[in-house]
Structure formats: structure tokens, C-alpha cells
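Coordinate inspection notes
Each chain, written out:
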Amino acid sequence: MSLSRSPSSATTLQLPSWIQQAIDGLASDMLSPPGVSAVDFTQPRGEPALAPHGSMSWKIFKNPVAMFVGGVAAVILELAQPRVRTGVWEHSTFRTQPLARLQRTGLAAMVTVYGASSVAQKMIAGVVQRHGQVHGQTPAGDAYAATDVELLSWVQATAGFGFAHAFDACVRPLSPDEFDRFYFEGAPAARLYGALQAPTSRSEMQALFDSMADRLGPSPVIFEFLEILRRTPILPRALRPAQWLLMRAAVEIVPPPLREHLGLGRAYGLNGFERRLVRWSGSLADRVMLAQSPAVQACRRLGLPDNYLYRRVNE
């Protein structure tokens, strides 16, 4: 493994070719759900994404460790809300096809951030249309609908919170301004999804969490979700122990008072060595450029260098 530097102050890790190809293939597989047409992030040439190429979103979403950890944390927060929990659990294939469901969610996130604007808008419109069919009642008798602005905004907020805090905890610390920029950048996509009240700053995010505090609570579904995720062969067998490690890193992102309220005790946390290991893994992943990743492919669409997002000047 060698450290390569270009005149443009890029800092990437060049792994042995067979390892690089294996990681690239694994990352591609995770974004290739069965029955879903592949997305060409290099087309249409020159068309911008919903988020600018110099955005925090482009920097954060390129990191697979932050995406996994942040995604799991976001789902935990979603499932803490009874109306969202019922809608997700009763109208999702996660229990029967967890890997395919994860692949579809991951692909949707990548298209939203890196896809050409026309491609992203078409995909989001399809999601919104499917949301129109999701409605019902919770076990407590409360009505829910996937088109409810309040619920959509909570889902959008949990995703933003999860990804930003995963990057902050597992890759490198984010400044207050970087957190605010990341949340603000998500507004255009949030509006397309119908999340019209999604937070656009840290202060708005905190206000939303405060307002939701008495409406969030424990449920066996949260533990069922974590157990399904633990059993699902997401990573190759040799890396399977890291899967549980990253899941517990996701639990640690949940705000401590809420984590305690949900019953996610010490067994779901990390020790000091494990936190350092996760941080090392996230930092390493941030310097390994995957040629087939949506991030690199999107850079090519815009005529940018493959290593654009790995340059120190863009950090």
C-alpha cells in the first residue's frame, strides 16, 4: 500500500490492484439491487446534480463507512417514531429481503446526491408516487401516511443527522459551519421528496429533536431491525465481524438520552479501542478512491478529475 500525491495536493491511498478491484466490486454490488436498472452516473455529460460538486454532501457521501454507520443510525431514529415505524415496517421488504432493501436505499441516496439532476428528479418522483400508497394506523390507533409532511421531514432529518454525525465520528470532525452547510444543501432534495419542514441548520435540527422527544419511544421492532441487519451477509465473510462493529458505531450516534430511552444499553456500544478502530477505518476509506463509485463517476460527468473529492484543498 502506498501513498500517492499529485501536483494538485491530492491525497489518496493506492492499494494493491487486487484489493482495490475487490473493494470496488463490493461497493458496486451494494448499489446494484436485483430488478433495478443500473444508473450511469457519467450521463448526461455536463449536467449538474441537485447538490453542487463542491458541497459537503459530495464529500461526505463518498465515504462507505460513514454511509453504512449513518444509514443504520438514521433507521434507528426513524423506528423510534411510532407512525414512521409502522409505515416502514408494514410496507417494507426489509424483513424478507433485507439486503435488496439496503441496496435500493443506498442507490437512492447516491442518485439523490451524485446523479444528474434530471435523473434524480425522475427517481424521486417515483418514490413520491409509491409513498402515496403507504398509509394505515399504528397499533395504538394513530393514523399515518407516507405523504405526511411532518413524517417525511422527520425521515429526512434522521438521514441528514445520521450521515453528518457518522462522518464526524468515524472519519474526521466536522466544524459547526460544515454541519450547517450539509443540512442546508439537503433542502432542494428534501422539497422534492415532500419533506418541506426538514431542518436546514444545526439549530433547526436540535429544535426538531427537542419537539419530537416525547413522541419517540422504544419498540421490539428496533431490536428486530438490528438483529436482521446483524445476520444479513452484507460484507464478505472475512469482514463480517466489522459489520457488527459498524452497527454498534451507529447506535453510538443516537443522542445518549434517546439511546437510553430506547433500551440500547452498553452491549450496543463501543469500547475505546473499537472507537479508534472505527475512526481508523473511516479515515482510511476516505482516502481510497473507487473508480466505479457514483462519486468518481459523477466527477467524470462534469469533466472533473477522478480524484477531485480527494484533494486536500477540497477538505
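Along each chain, residues carry numbers from 1 onward, in the same order as the chain's sequence is written. Only residues with pLDDT of at least 70 are given local features in this predicted model, and only at 80 or more are side-chain atom pairs given and counted; all residues enter the totals for whole chains, interfaces and linings. Just so you know, side-chain values use all the structure's heavy atoms and leave hydrogens and water out.

**Examining the overall build of the protein**
Helix numbers and strand numbers start at the N terminus; a helix is a DSSP run of H or I with at least 4 residues, a strand a run of E with at least 2. For the protein, the count of helices and strands is 15 helices and four strands. Here the globule rule reads 2.2 Å times residues to the power 0.38, and the radius of gyration is calculated from C-alpha atoms. Rg of the C-alpha trace for the protein: 19 Å, near the compact-globule value of 20 Å for 315 residues, within the 12% margin. Each residue is placed in one exposure class: buried if its accessible area under a 1.4 Å probe, protein chains only, is under 20% of its type's maximum, exposed if it is over 50%, and partly exposed if it falls in between. Within the span of the protein, comprising 315 residues, buried residues form 49% of the whole. Restricting to contacts in the protein with at least 6 residues of sequence separation, those with at least 24 account for 72%. Carbon together with sulfur atoms contributes 58% to the accessible area of the protein, which is approximately 15,000 Å² in total. By definition in these notes, contact holds between two residues if any of their heavy atoms fall within 4.5 Å. The accessible surface values rely on the Shrake-Rupley method and a 1.4 Å probe; as for residues, cover is taken only from the protein chains in view.

**Looking at the side chain of Arg301**
Relative to the helices and strands, Arg301 is located in helix H15 (residues 294-301). We treat Lys and Arg as the positive residues and Asp and Glu as the negative residues; His and chain ends play no part in the count. Between Lys or Arg on one side and Asp or Glu on the other, a salt bridge is scored when a side-chain nitrogen of the former is within 4 Å of a carboxyl oxygen of the latter. The side chain of Arg301 is buried and forms no salt bridge, while Glu47, the nearest opposite charge, is found at 6.5 Å. Residues in contact with Arg301, not counting those within four places in the same chain, are Phe41, Thr42, Gln43, Pro44, Arg45, Gly46, Glu47, Pro48, Ala49, Tyr114, Gly115 and Ala116.

**Some thoughts on helix H14 (residues 272-285)**
Given the number of residues in a helix, its expected span is that number minus one, multiplied by 1.5 Å. In this model H14 runs 20 Å from its N-terminal to its C-terminal C-alpha over 14 residues, within 8% of the 20 Å that 1.5 Å per residue would give. Residues of H14 that are buried: Glu274, Val278, Gly282 and Ala285. One side of H14 holds all its buried residues, which, seen down the axis, span an arc of 75°. Exposed residues pointing more than 90 degrees away from the buried face of H14 are listed as Phe273, Arg276 and Trp280. In this fold, the buried residues of H14 make contact with helix H3 (64-79), helix H7 (149-170) and helix H12 (240-253). The term polar contact refers here to a pair of N or O atoms within 3.5 Å; inside protein, the definition further demands a hydrogen-donor-capable atom paired with an acceptor-capable atom, and it admits residues adjacent in sequence only when both atoms are side-chain atoms. One side-chain oxygen at the N-terminal end of H14 lies 3.1 Å from the backbone nitrogen of Phe273; it belongs to Asn271. What the arc describes is the spread of directions from the helix axis to the C-beta atoms.

**Considerations on the nonpolar core**
When a protein is soluble and globular, its nonpolar side chains tend to lie buried together. Core analysis: the biggest nonpolar cluster contains 86 residues, and Phe61, Ile76 and Tyr114 have the highest contact counts within it. Broken down by element, the residue count for this core peaks at 10 residues, all from H3. Residues belong to a common nonpolar core when they are buried Ala, Val, Leu, Ile, Met, Phe, Trp, Tyr or Cys residues joined through side-chain atoms within 4.5 Å.

**Some words on the packing of H7 against H14**
To get an axis, fit a line to the C-alpha atoms, keeping to the stretch in contact for a helix; angles then go from 0 to 180 degrees between the N-to-C directions. Packing of H7 against H14 leaves a shortest axis separation of 8 Å and a crossing angle of 105°. The pairing of H7 with H14 is recorded here as roughly perpendicular in orientation. On H14, the residues touching Asp168, Ala169 and Cys170 of H7 are Val278, Arg279, Gly282 and Ser283. In the scheme used here, Gly and all other residues not listed as nonpolar or charged are polar, with Ala, Val, Leu, Ile, Met, Phe, Trp, Tyr, Cys and Pro taken as nonpolar and Asp, Glu, Lys and Arg as charged. Here the residues of the contact of H7 with H14 are counted per class, giving three nonpolar, two polar and two charged. Oblique is the label for every angle not falling under 35 degrees (roughly parallel), over 145 degrees (roughly antiparallel), or within 65 to 115 degrees (roughly perpendicular).

**Some points on the layout of surface pockets**
Any residue with an atom within 4 Å of a point lines the site, the site being either a cavity, points on a 1 Å grid over the protein atoms alone where a 1.4 Å probe fits but cannot get out, or a pocket, an open set with protein on both sides within 12 Å along at least 5 of 7 lines. Grid points are joined across faces, edges and corners, and a volume is the space filled by probe spheres set on the points. Volume-wise, the second largest pocket comes out at about 280 Å³. Phe161, Gln206, Phe209, Asp210 and Pro255 are the residues nearest the centre of the second largest pocket, which is lined by 15 residues in total. Elements supplying a minimum of two residues to the lining of the second largest pocket: H7, helix H8 (176-185), helix H10 (202-212) and helix H13 (256-261). Sorting elements by how many residues they give to the lining of the second largest pocket places H10 first, with five residues.

**A few points about the packing of aromatic side chains**
Aromatic pairs are defined between Phe, Tyr and Trp rings, using the six-membered ring for Trp, whenever the two ring centres lie within 6.5 Å; interplanar angles under 30 degrees are classed as stacked, those over 60 as edge-to-face, and all others as tilted. Counted under the stated rule, the structure contains 11 aromatic pairs. Summarising the aromatic geometry, the rings of Phe179 and Tyr183 are spaced 6.3 Å apart at their centres and angled 40° between planes, so their arrangement reads as tilted. Taken as a pair, Phe179 and Tyr183 lie in helix H8 at a separation of four residues, close to a single helical turn. For the pair shown, Phe179 and Tyr183 are each scored as buried.

**Notes on unusual backbone geometry**
For the peptide bond that leads from Gln43 to Pro44, omega is -10°, which places it in the cis range. Residue placement: Pro44 occurs in the loop between helix H1 (17-30) and helix H2 (56-61).

**Observations regarding the pattern of salt bridges**
Following the criterion strictly, the structure yields 12 salt bridges and no others. Among the salt bridges present, the one from Arg172 reaches Glu178, with a minimum N-O distance of 3.2 Å. With relative accessibility at 10%, the residue Glu178 sits in the buried group. The salt bridge partner of Arg231 is Glu227, with a shortest N-O separation of 3.7 Å. Taken together, the positions of Arg231 and Glu227, both in helix H11 (residues 220-231) and four residues apart, correspond to about one turn of that helix.

**Quick notes on the side chain of Arg259**
Note that Arg259 resides in helix H13. Every residue in contact with Arg259, bar those within four places of it in the chain, is listed here: Val251, Glu252, Val254 and Leu264.

**A look at a nonpolar patch on the surface**
For patch building, the residue pool is restricted to those with more than 30% relative accessible area and no salt bridge; the joining distance is 9 Å between like charges and 5 Å between nonpolar side chains (Val, Leu, Ile, Met, Phe, Trp, Tyr). Judged by side-chain polarity, Phe273, Leu277 and Trp280 come together as a nonpolar surface patch covering roughly 350 Å² of accessible area. In this fold, Leu277 is placed in helix H14. Using a relative accessible area of 32% as the deciding quantity, one classes Leu277 as partly exposed.

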